[in-house]
Amino acid sequence: KNKYDLKCSDKNPTDKWQSKLDFTNYNNYLNDVSSFKADYLIHLGAMTNLEECEKNPNETYLNNTKSTEFATKIANLLDIKLLFISTAGIFDGKKDSYIDDDLPNPLCHYAKSKFNSEIYIEKNSKNYLICRAGWMMGGGGRKDKKFVNNIIQQIKLGKKELNIVSDKNGTPTYTYDFANNVLLLIEKKISGKFNLVCDGLTSRFEVANEIVNYFNLKNKIKINKVESNFFKNEYFVTRPLSERLINKKLNDLSLNLMRDWKICLKEYLDSEYSQIKL
């Protein structure tokens, strides 16, 4: 925002700097982008709750895939570049980690909707950049709907025991590092498909331990290792055993700005949660 003029939209705006747009309406989407005279289209909105996606497949493919087709057509029509944010969740987890060009095998409607978007863009876009994120962390208590805030909210409620899955591996992605690295790729006029996650391979269990240790609660909170089926009623959608990504192409181009996930987690907690009373 300090370097460029931005127009940021949302289906349900929650901040004054957002305008209202439902990008599943092609004409509205086209008018919004063309009237701003955009020279870059960043398409990042999506349904991301896996259970919600699985229960509402038609809505999922409309929001996650069809809207991406619209974005591709609009970018081509206006002769501007398209940036699409994808996910580590498109892999099946049979390997311990994945590089950029490994073949995805999505397991659920959310993952399939994102992979279908990648395929469409690669086949039809004149000029594109695809960046895959991992386990997102950022936004603070008001916006963070992911794992880190979930754990902190349990701690705030006074939980003395946390049940954390020990069979899910991945790579966290700090929103600030992600944004800075994306900006570098944009300014370098880089095209193609990239993994873009923090350095360091980890697990849900290890991340939870880091959070508890940060608040000096190691002796007050017990962390129980459980398998994913412990939460089978609440989280019924099949998830990959491993969503670990390696930023091979970024490293090959010497364009990897992503820091170690532990450094980023501490920075995130310092900036958004250090003042909370636990």
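For every chain, the first residue of the written sequence is number 1, and numbering continues from 1 along that sequence. With the structure being a predicted model, the display of local features is reserved for residues of pLDDT at least 70 and the display and counting of side-chain atom pairs for 80 or more, all residues being used for whole-chain, interface and lining totals. Note that the side-chain values use all heavy atoms of the structure and ignore hydrogens as well as water.

Next up on the list: the overall build of the protein. Helix and strand assignments come from DSSP, with helices taken as H or I runs of at least 4 residues and strands as E runs of at least 2, each series counted from the N terminus. If you tally the helices and strands in the protein, you get 10 helices and 12 strands. We compute the radius of gyration over the C-alpha atoms and compare it with the globule rule, which gives 2.2 Å times the number of residues raised to the power 0.38. The globule rule puts the C-alpha radius of gyration for 278 residues at 19 Å, and the 19 Å found for the protein is close to it. By principal-axis analysis of the C-alpha atoms, the protein measures approximately 60 × 40 × 40 Å. Every one of the 278 residues in the protein was classed for burial, and the buried ones make up 48%. In what follows, residue pairs with any heavy atoms lying within 4.5 Å of each other are defined as contacts. Counted over contacts in the protein with a minimum sequence separation of 6, partners at least 24 positions apart contribute 82%. Only the protein chains shown count as cover for residues, and all accessible areas are computed by the Shrake-Rupley method using a 1.4 Å probe. Carbon together with sulfur atoms contributes 48% to the accessible area of the protein, which is approximately 14800 Å² in total. Buried, partly exposed and exposed residues are distinguished by accessible area as a fraction of the type maximum, computed with a 1.4 Å probe on protein chains only: under 20%, between the cut-offs, and over 50%, respectively.

Unlike most non-glycine residues, aspartate 79 shows phi in positive territory, near 55°. Within the fold, aspartate 79 resides in the loop between α3 (57–78) and β4 (81–87). The class of aspartate 79 is exposed, set by a relative accessible area of 65%. Here the phi dihedral of asparagine 216 falls at roughly 55°; this positive angle occurs in a residue that is not glycine. The class of asparagine 216 is exposed, set by a relative accessible area of 67%.

Below, the discussion takes up the packing of helix α6 (residues 147–156) against helix α8 (residues 204–214). Axis lines are fitted through C-alpha atoms, for helices just across the contact stretch, and the angle between N-to-C directions can take any value from 0 to 180 degrees. For the pair α6 and α8, interaxial distance at closest approach is 10 Å and the crossing angle is 50°. On the basis of the axis angle, α6 is oblique to α8. Between α6 and α8 lies a crossing whose hand is right-handed. Only Arg204, Val207, Ala208, Ile211 and Val212 of α8 make contact with α6, whose side of the interface consists of Phe147, Val148, Ile151, Ile152 and Ile155. Of the residues that constitute the contact of α6 with α8, the class distribution is 9 nonpolar, no polar and 1 charged. Angular relationships are summarised with four words: roughly parallel below 35 degrees, roughly antiparallel beyond 145, roughly perpendicular across 65 to 115, and oblique for the angles in between. Take the far helix as the reference: if the near one is turned anticlockwise from it by less than a right angle, the crossing is left-handed, and if turned clockwise, right-handed. The classification used treats Ala, Val, Leu, Ile, Met, Phe, Trp, Tyr, Cys and Pro as nonpolar, Asp, Glu, Lys and Arg as charged, and all other residues, Gly among them, as polar.

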